[in-house]
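One-letter residues, chain by chain:
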Amino acid sequence: MSIALPPYALSLGLSVDRLEDGAPVLLMPFAPPVVGRPGFVHGGALGGLLEMAAFSALRARFSGDDHPRLKPINVSVEYMRGARERETRAVGIVTRLGNRIANLEAIAWQDDRARPVATAWMNVLIDRD
Amino acid sequence: MAQTEWPTFDPARFIEALAGRHHSGLLDLRYERHGTDWVELSIPYAAHLVGDPESGVLASGPILAMMDMATSMAIWVKGGRFRPQATLDLRVDYLRPAAPGNRVIGHGECYRVTRSVGFVRGQAHDGDPDDPVAHVVGTFMFMDSMA
């Protein structure tokens, strides 16, 4: 299974670590493009990672000739703790997949998945026009 | 814990100091202007920030990151000083895709500051402020007011 990541995801240094219930676990290394204040991952990079994880989980639900355009409607990110100088992982969960709307969640963590650095929920429009 | 006295906050110099470095460098984040309780930043259109190669539309992440910065800095201009703070939450409504090729301008405003929390809101547009691409609301927690 190949998962195509868009230019923005590659700019963040993202790669697919493994699959989890069909959803890619994305890996973001600690490198200059994601650094915010010294020693910490930028909140915007974490938000971008969470959105990419959520989108990738949704994208993985479509196969064959079914390739709808996926348009973000909104996202809400909660930041729980500072993300430090090490790699961050994130995975998305498709909470509900309708014909036109998908409800998604995503979680990002570093050493301990039970201690997330940030989580997000998203609504995405599924556009088949 | 004694409160640290932070220097007067200058948003243009703050962005200048980050220029070309770290996440701000990836976005090529630029200072536009500011008022007593707001800051405007911008990101030029760039192929490496695209989220959908078919349409060439920018990913939503760079807009989220710019609005995180613009709203965060709005708290510092309102207070007149830099203070260490952390984003608690940030909600973004993506009203429409930004037009490929256009730079995106982010206007962040701080509308309330309490002892521990700064409340912010803002909008992003790609040329016409009356036709925004995104609307945001968020909160920041001050790290120097923690017991």
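The sections below set out a description of the structure shown in this document.

Reading the values: the criteria
- Residues numbered from 1 in each chain as written.
- Chains lettered and ligands numbered in written order.
- Predicted model: local features only at pLDDT ≥ 70, side-chain atom pairs only at ≥ 80, totals over all residues.
- Heavy atoms only, no water.
- Contact = heavy atoms within 4.5 Å.
- Buried area = accessible area lost by both parts, 1.4 Å probe.
- Salt bridge = Lys/Arg side-chain N within 4 Å of Asp/Glu carboxyl O.
- Polar contact = N/O pair within 3.5 Å; in protein donor to acceptor, adjacent residues only side chain to side chain.
- Helix = DSSP H or I, 4+ residues; strand = E, 2+ residues; numbered from the N terminus.
- Nonpolar A, V, L, I, M, F, W, Y, C, P; charged D, E, K, R; others polar.
- Pairing = 2+ DSSP bridges.
- Axes fitted to C-alpha atoms, helices over the stretch in contact; angles between N-to-C directions.
- Buried < 20%, exposed > 50% of the residue type's maximum accessible area, 1.4 Å probe, protein only.
- Arc of directions from axis to C-beta.

### A short note on the interface of chain B and chain A
1) Next: The partner chain A presents 28 residues to the 27 residues of chain B that form the contact.
2) Next: Buried surface at the junction of chain B and chain A, both sides included, amounts to about 2200 Å², of which 58% is carbon and sulfur.
3) Next: Contact with chain A buries surface across chain B, with H22, H23 and Y94 of chain B losing the most and accounting together for 25% of the total.
4) Next: The interface formed by chain B and chain A contains one salt bridge.
5) Next: Between D52 of chain B and R69 of chain A there is a salt bridge, with its nearest N and O atoms 3.3 Å apart.
6) Next: Between the two partners, chain B and chain A, sit 13 residue pairs in polar contact (both at pLDDT 80 or more).
7) Next: Broken down by secondary-structure element, the contributors of at least two residues to the side of chain B that touches chain A are helix 2 (22–27), strand 3 (50–52), helix 3 (60–79) and strand 5 (85–94) of chain B.
8) Next: For the side of chain B that touches chain A, the leading source of residues is strand 5 of chain B, giving eight residues.
9) Next: Tallied by class, the residues present in the side of chain B that touches chain A amount to 14 nonpolar, eight polar and five charged.
10) Next: In terms of strand pairing, strand 3 (residues 69–79) of chain A meets strand 5 of chain B through five bridges, oriented antiparallel. Bridge assignment links N74 of chain A to a residue of strand 5 of chain B, and that residue is D93 of chain B.

### Here's the deal with the sheet that holds strand 1 (residues 15–20) of chain A
1) Next: Taken together, twelve strands build an open sheet; the order of strands is 1(A)-2(A)-4(A)-5(A)-6(A)-3(A)-5(B)-8(B)-7(B)-6(B)-2(B)-1(B) and the sheet is antiparallel. Where the open sheet ends on each side, the last strands, each with one partner, are strand 1 of chain A together with strand 1 (30–34) of chain B. With direction set aside, neighbouring strand axes in the sheet form an average angle of 25 degrees.
2) Next: Of the strand pairs in this sheet, strand 5 of chain B and strand 8 (residues 134–142) of chain B are connected by nine bridges, and their pairing is antiparallel. Each residue of the ladder has a partner; that of D89 of chain B, found in strand 8 of chain B, is T139 of chain B.
3) Next: Sitting on the sheet, helix 1 (residues 11–18) of chain B touches strand 1 and strand 2 (38–43) of chain B, and the angle it makes with strand 1 of chain B is about 175 degrees.
4) Next: Against the sheet, helix 3 of chain B engages strand 3 of chain A together with strand 1, strand 2, strand 5, strand 6 (104–113), strand 7 (117–125) and strand 8 of chain B, with an angle of about 40 degrees to strand 6 of chain B.

### Let's talk about the pairing of strand 2 of chain B
All names here are of chain B.
1) Next: Among the six residues in strand 2, five count as buried, and that is most of the element.
2) Next: Alignment of strand 1 against strand 2, held across four bridges, turns out to be antiparallel. The partner of Y31 across the bridge, within strand 2, is L41.
3) Next: The antiparallel pairing of strand 1 with strand 2 creates a hairpin that spans three residues between the two strands.
4) Next: Where strand 2 meets strand 6, six bridges bridge the pair, whose relative direction is antiparallel. Directly across from E40, in strand 6, lies its bridge partner H107.

### What about helix 1 of chain B?
Residue and element names in this part refer to chain B.
1) Next: Those residues of helix 1 that fall on the buried side of the exposure criterion are P11, I15 and L18. Viewed along the axis of helix 1, the buried residues span an arc of 60 degrees, placing them on a single side of the element. Opposite its buried face, helix 1 presents the exposed residues R13 and E16, each directed more than 90 degrees away.
2) Next: Of the surrounding secondary structure, the elements contacted by the buried residues of helix 1 are helix 2, strand 1, strand 2 and helix 3.
3) Next: Its side-chain oxygen at 3.0 Å from the backbone nitrogen of A12, D10 defines the N-terminal cap of helix 1.
4) Next: Where helix 1 ends, the next residue or the one after it, G20, has phi of about 75 degrees, a positive value.

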